[in-house]
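Remarks on the overall topology
Chain by chain, the residues:
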Amino acid sequence: MSLIADQIIQHLSNAGVQRLFGMPGGGSPADLIQAAARAGLPFTLAQTETAAAFMASAQAEITGKPGACLATLGPGATALMNGVANAYLDRIPLIAITDRYSPDIEHVMQHQTLPQAELFAPITKWNGRLTLDDAERTLQCAMQAATGLPPAPVHLDISAEVTDALAPALLPSPAASPDPAPAAPASIPALEATLRGARRPLLLIGLGARTQPITLTIRALCERHGLPALVTYKAKGVVPDDHPWFGGVLTNGALERPLIARADVLIAVGLDPVELLPRPWTFPQPVVSVNAWQLQQQQVPFAADLVGDVVGWLEVIASLLPAQCDWDPATVAHATRTQRDAMRPPAEADRLAPHRVVEIAAQAWPGMRATVDAGAHMFPVIAHWPAREPNGILISNGLATMGFALPAAIGAALLAPTQPVAAFTGDGGLLMCLGELRTAARENVPLRVVVFDDGNLSLIKIKQVQRGYHPDGVTLGAVDWVALGDSLGLTAYRARDEAQLAHCLSEAATIPGPALIAAEIDPQTYGPTLKALRG
Ligand SMILES: Cc1ncc(C[n+]2csc(CCOP(=O)(O)OP(=O)(O)O)c2C)c(N)n1
């Protein structure tokens, strides 16, 4: 006889969930952990609910299938919210499950009682409560929402009274896909008019392009027609950094402007403005957008807005482009070289510059997947860490939350325990999720955590100075990262110069489990880096 808890786990597995993450309470999460064990679905305890959601989200981004996490009611639910918000703004299919009281007592008990459904509603695409009468139907709806487009989080509130009950007979699964049928690609007047006479189209690749078929189509388009592509932070790797038609990184900042200025039409593929700097879009060229789902946005004016079968639409676009565009590969190579050089500002000779940390790590650990946190260190990582495949770099860019890189790296490493993952984080971001170092050690995942140790919230310090303020409230103080890493069960190193760093990184590469490398960097180059990137 199976319980509704077993039924829920079955649904999660059928939806493609690889592992459950969370911080349980004694109610429905405890039932779900037991049921997951019965079904062979692994459960990983995280130290915070937010980190559990980041771990599950990293798995979802890599697999393209939903991730799942659970939390207790009240404080568990509220602590989960930043992770769900990240999935919402970073367009990630995440199934977030929270405990609740059973309906007969929830209006009486106040202890830990919050309007959880209402709290999650604005940051989820679907939100429901499982009841004894309608559990199967509700689960089907939840899974349809979680596996359909646009990719987004769903929230399920479930009491132990439900998880612990015997499962009723299963209903037949609904056959229909939740997604609207993709629009049949056919050339449309707006598209033809926009592309007519174009000689130097430029691709702007965003998070919606990170599937294998779309990636291959984009690369083929670049190679056959000779046109460059810029990628957003989340789309790094769709066109690899060393690809001859890689045109650099798109942020809606300053660095990419010279190359974009040479284009006569912009073709945005999977570009979601949630990834762009919150500044007006000032490029005068017409923009064609192609995306698998309808975007709700007003920042970028689209001359043609093509929704549905992205590969099909790209084929239509290819048929309208010149067989060979007027781009010179040398111009593109010069543009990307100039961009990278601008992200290597002069540094003091005997100090460790942040961009050198990334370059030395990229040499020591070639081809490794990386995660990166929010902060000034993010800029050199994105500029100098090469990505070869989609999701080669995982980043929170829509929400841009701190405390992301370490848990996301744990989630990624748990998917493929023989493939090490690098996590680049500021010291402020690492302090936010420190307990997950223990998770990494407990799970013995091959993680290389590089902390840019400068004792400060450097990005905020730069912004304070830019606004004419004295830096205030941004000093973290010194942390003995080696002692801390050791105490949590990691192998830990400290590097003060390039030679020490190269040595630590190659030592760390030989360790099967997690390693922590504190790079004592000179933050002086962050200011010029930010200036070059954003103007
Ligand atoms: C959860 C969260 N809180 C605050 C911020 C605002 N914020 C962005 S970067 C930053 C400083 C990050 O400091 P650190 O992790 O040390 O990285 P650094 O800037 O020094 O590279 C802050 C506070 C944020 N993005 N996320």
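Scroll up for the structure.
So, here is what we can say about the structure in this document.

Quick notes on the packing of aromatic side chains
By the definition in use, this model includes four aromatic pairs. Summarising the aromatic geometry, the rings of Trp281 and Phe283 are spaced 5.1 Å apart at their centres and angled 65° between planes, so their arrangement reads as edge-to-face. The residues Trp281 and Phe283 share a single accessibility class, namely buried. When the centroid spacing of 5.1 Å and the interplanar angle of 65° are considered together, the rings of Trp385 and Phe424 count as edge-to-face.

Regarding the site of the ligand
In the neighbourhood of the ligand, 18 residues make up the surrounding shell, with Ala376, His377, Asp427, Gly428 and Gly429 lying closest. Between Gly429 and the ligand, the recorded distance is 2.7 Å, taken from a backbone N or O atom to an oxygen atom. Protein coverage of the free-state accessible area of the ligand, which is 590 Å², stands at 78%. Contributing elements (two or more residues each) for the shell around the ligand: α17 (427–432) and α19 (458–466). With four residues, α17 is the largest single contributor of residues to the shell around the ligand. The residue inventory of the shell around the ligand, partitioned by class, reads eight nonpolar, eight polar and two charged.

Remarks on the sheet that holds strand β12 (residues 304–307)
Pairing within the open sheet is parallel, and its six strands lie in the order β9-β8-β7-β10-β11-β12. Here the strands that pair on one side only, and so sit at the sheet edges, are β9 (246–249) and β12. Mean inter-strand twist for the sheet, computed between neighbouring axes without regard to direction, equals 20°. Sheet analysis places strand β11 (residues 287–291) next to β12, joined by four bridges and oriented parallel. By the bridge assignment, Val290 is partnered in β12 with Leu306. Here helix α10 (residues 212–225) sits on the sheet and contacts β7 (201–205), β8 (229–231) and β10 (265–269); the angle it forms with β7, its principal contact strand, is near 160°. In the packing of helix α12 (residues 310–320) onto the sheet, the strands contacted are β10, β11 and β12, and the crossing angle to β11 comes to about 150°.

Some remarks on the pattern of salt bridges
Opposite charge on two side chains permits them to pair, given that their charged atoms come into close proximity. Taken as a whole and judged by the stated rule, the model has 16 salt bridges. Glu106 serves as the salt-bridge partner of Arg100, at 2.8 Å between the closest nitrogen and oxygen. Asp326 is paired through a salt bridge with Arg199; the nearest N and O atoms lie 2.9 Å apart. Here Asp326 is found in the loop between α12 and α13 (329–342), whereas its partner Arg199 is found in the loop between α9 (189–195) and β7, with 127 residues between them in sequence.

A closer look at the nonpolar core
Among the nonpolar cores identified, the biggest contains 95 residues, and Ile218 and Trp385 are the most heavily contacted of them. Of all the elements, α12 adds the most residues to this core, at six residues. Setting aside anything within four residues of it in sequence, one finds Trp385 in contact with Lys236, Asp241, Val358, Ala361, Ala362, Trp365, Met368, Ala370, Pro380, Ile393, Ala422 and Phe424. One finds Ala53, Ala56, Val84 and Leu94 within the second-largest nonpolar core, a separate group that totals 48 residues.

A closer look at unusual backbone geometry
A cis amide bond links Leu149 with the next residue in sequence, Pro150, at an omega value of -5°. Looking at the secondary structure, you find Pro150 in the loop between α7 (135–147) and β6 (154–159). Phi angles above zero are rare outside glycine, and Gln112 is one such case at about 60°. The phi angle at Asn444 is positive, at roughly 50°, despite the residue not being glycine. Of the residues examined, Asn444 reaches a relative accessible area of 48% and is grouped as partly exposed.

Brief notes about the packing of helix α16 (residues 405–415) against helix α18 (residues 435–443)
With their axes 9 Å apart at the nearest point, α16 and α18 run at an angle of 15° to one another. By the criterion of interaxial angle, the relationship of α16 to α18 is roughly parallel. Crossing of α16 over α18 shows left-handed handedness. For the pair formed by α16 and α18, the contact residues are Leu406, Pro407, Ile410 and Leu414 on the first element and Glu436, Leu437, Thr439, Ala440 and Glu443 on the second. Grouping the constituent residues of the contact of α16 with α18 by class yields six nonpolar, one polar and two charged.

Let's talk about the pairing of strand β16 (residues 447–453)
For β16, the tally of buried residues reaches seven of seven residues, placing the bulk of the element in the interior. Pairing analysis gives six bridges linking strand β15 (residues 421–426) to β16, with the strands arranged parallel. Residue pairing in the sheet places Gly426 in a bridge with Phe452 of β16.

What about the side chain of Gln339?
Among the structural elements, Gln339 can be located in helix α13. Ignoring anything within four residues of it in the chain, the contact list for Gln339 reads Gly247, Gly248, Val249, Leu255 and Glu256.

Considering helix α1 (residues 4–15)
Across its 12 residues, α1 extends 16 Å between first and last C-alpha, which sits within 8% of the 16 Å expected from 1.5 Å per residue. Counting buried positions along α1 yields nine of 12 residues, so the element is predominantly enclosed. All buried positions along α1 are accounted for by Ile4, Ala5, Asp6, Gln7, Ile8, Ile9, His11, Leu12 and Ala15. Remark: Gly16 follows α1 within two positions and exhibits a positive phi of approximately 105°.

Some words on the packing of α1 against helix α2 (residues 28–39)
Running from N to C, α1 and α2 point in directions that differ by 60°, and their axes come no closer than 8 Å. By the angle between their directions, the pair α1 and α2 is classed as oblique. Here α1 and α2 pass one another in a crossing that is right-handed. Note on element contacts: α2 touches α1 through Asp31, Leu32, Ala35, Ala36, Arg38 and Ala39, opposite Ala5, Asp6, Ile8 and Ile9. The residue inventory of the contact of α1 with α2, partitioned by class, reads seven nonpolar, no polar and three charged.

Rules used in this analysis
Residues numbered from 1 in each chain as written. Predicted model: local features only at pLDDT ≥ 70, side-chain atom pairs only at ≥ 80, totals over all residues. Heavy atoms only, no water. Phe/Tyr/Trp six-rings, centres within 6.5 Å; stacked < 30°, edge-to-face > 60°. Buried < 20%, exposed > 50% of the residue type's maximum accessible area, 1.4 Å probe, protein only. Near = heavy atom within 4 Å. Polar contact = N/O pair within 3.5 Å; in protein donor to acceptor, adjacent residues only side chain to side chain. Areas by Shrake-Rupley, 256 points an atom, 1.4 Å probe, with all protein chains shown as cover. Helix = DSSP H or I, 4+ residues; strand = E, 2+ residues; numbered from the N terminus. Nonpolar A, V, L, I, M, F, W, Y, C, P; charged D, E, K, R; others polar. Pairing = 2+ DSSP bridges. Axes fitted to C-alpha atoms, helices over the stretch in contact; angles between N-to-C directions. Contact = heavy atoms within 4.5 Å. Salt bridge = Lys/Arg side-chain N within 4 Å of Asp/Glu carboxyl O. Core = buried A, V, L, I, M, F, W, Y, C linked by side-chain atoms within 4.5 Å. Parallel < 35°, antiparallel > 145°, perpendicular 65-115°, else oblique. Left-handed = near helix turned anticlockwise from the far one by under 90°. Expected span 1.5 Å × (residues − 1).

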